[in-house]
Amino acid sequence: MTTLLDDYALISPLRYRNNWLKLIIVAFGLLVGVSSSSPVAPILVALSMSFAIVFMGKTPLKLYLKILTAPFGFAITGAVVILFFFGSGSEIFSFNIFGYPFIANSDSVNMAALVISRTFGGMCCLFFLAFTTPMVELFAVLKKTRLPESFIELSMLIYRYIFVFLDVAMSIKYAQTIRLGYKDLKSSIYSFSMLVSTLFLRSWEQGEKLYLAMDSRCYNGKMMLFDAKRPIGFSELIITSLYFIFILIIFYFTKNISVV
């Protein structure tokens, strides 16, 4: 999935906007989401980020909704637990399962709605960054933040080899599957153990090959990163400022609004 996100980031029209500006917008959205006491502001942030991803970033709506289902499913699961096991106040609805009462009250409903809205807003902010900024450019931005270079380079190598090993794992599993390696539980356990051990050996071999390749190219402990200079336009600055002001106004006037 991450490779797919990076592919769409490479062809997104928003890729050519200033990366620092996008990071500021994302950080602003995340701060509004975690600071809001009402679900209105996080939902508004989520909708605006989704609009930018789909209509300005030219990301297919079907793909975007499909990717949102995974984090949204986790948020729903957590919200259901909060709904029936936390909070107090007047009872909204209740039912029994095997004689055990499940009661949702006003505080738990508001808390569950806030958790869902914050999760939705935060994930949309992160997806905005993922769908509009390639990882290579993000690493270049991180390098300018004066983070330790060893941390950035390790992150780059880990990011690169996640997909190398994933491709190897998928190839091995496909070969095992067509040979009925997962026909029953016993065969599945044996095949999976063989897959893990083979993948470990492949990762060890790839590590040695990487070390030899970098050493033969006179690696001196530093990796060069391409950083395209994209100045922030006046219109972008005005639109971003107006967006921030609008969100802050909504944040202020809806801070006491609850679901029930």
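Look up: the structure comes first, before these words.
The structure contained in this document is the topic of the report that follows. No experiment lies behind these values; they were computed from the predicted model shown.

Bringing the layout of surface pockets into the picture now. To find leftover empty space, one rolls a probe the size of a water molecule over the atoms. Empty space within the largest pocket amounts to approximately 480 Å³. Along the walls of the largest pocket sit 15 residues, with Ile25, Ala52, Met56, Ile239 and Thr240 positioned nearest its centre. When residues of the lining of the largest pocket are traced back to their parent elements, those giving at least two are helix H2 (19–35), helix H3 (40–56) and helix H9 (234–253). When residues of the lining of the largest pocket are assigned to their parent elements, the largest contribution, 5 residues, is made by H3. Along the lines of polarity and charge, the residues of the lining of the largest pocket split into 10 nonpolar, 2 polar and 3 charged.

Right, let's talk about the packing of aromatic side chains for a bit. Counted by the stated rule, this structure contains 9 aromatic pairs. Taken together, a centroid distance of 6.5 Å and an interplanar angle of 70° make the contact between Tyr8 and Phe131 edge-to-face. In this pair, Tyr8 is assigned in helix H1 (residues 2–11) and Phe131 in helix H5 (residues 106–132), connecting sequence segments 123 residues apart. Residue Tyr8 is classed as partly exposed on the basis of its relative accessible area, which comes to 22%. A residue is classified by how much of its surface remains accessible, and Phe131, at 0% relative accessible area, is buried. Judged by centre distance (6.1 Å) and plane angle (50°), the ring pair of Tyr243 and Phe244 falls under tilted. When its relative accessible area of 17% is taken as the criterion, Phe244 is described as buried.

All told, the structure shown has 3 salt bridges when counted by the stated rule. Of the charged contacts in the structure, one is a salt bridge between Glu137 and Arg15, with a shortest N-O distance of 3.1 Å. Of the two residues, Glu137 sits in helix H6 (residues 135–144) while Arg15 sits in the loop between H1 and H2, which places them 122 residues apart along the sequence. Among the charged side chains, a salt-bridge network with shared partners connects Arg15, Glu137 and Arg230.

Cut-off values and rules
Residues numbered from 1 in each chain as written. Predicted model: local features only at pLDDT ≥ 70, side-chain atom pairs only at ≥ 80, totals over all residues. Heavy atoms only, no water. 1 Å grid on protein atoms, 1.4 Å probe; cavity = no way out; pocket = protein on both sides within 12 Å on 5 of 7 lines; lining within 4 Å. Points joined across faces, edges and corners; volume = space filled by probe spheres on them. Helix = DSSP H or I, 4+ residues; strand = E, 2+ residues; numbered from the N terminus. Nonpolar A, V, L, I, M, F, W, Y, C, P; charged D, E, K, R; others polar. Phe/Tyr/Trp six-rings, centres within 6.5 Å; stacked < 30°, edge-to-face > 60°. Buried < 20%, exposed > 50% of the residue type's maximum accessible area, 1.4 Å probe, protein only. Salt bridge = Lys/Arg side-chain N within 4 Å of Asp/Glu carboxyl O.

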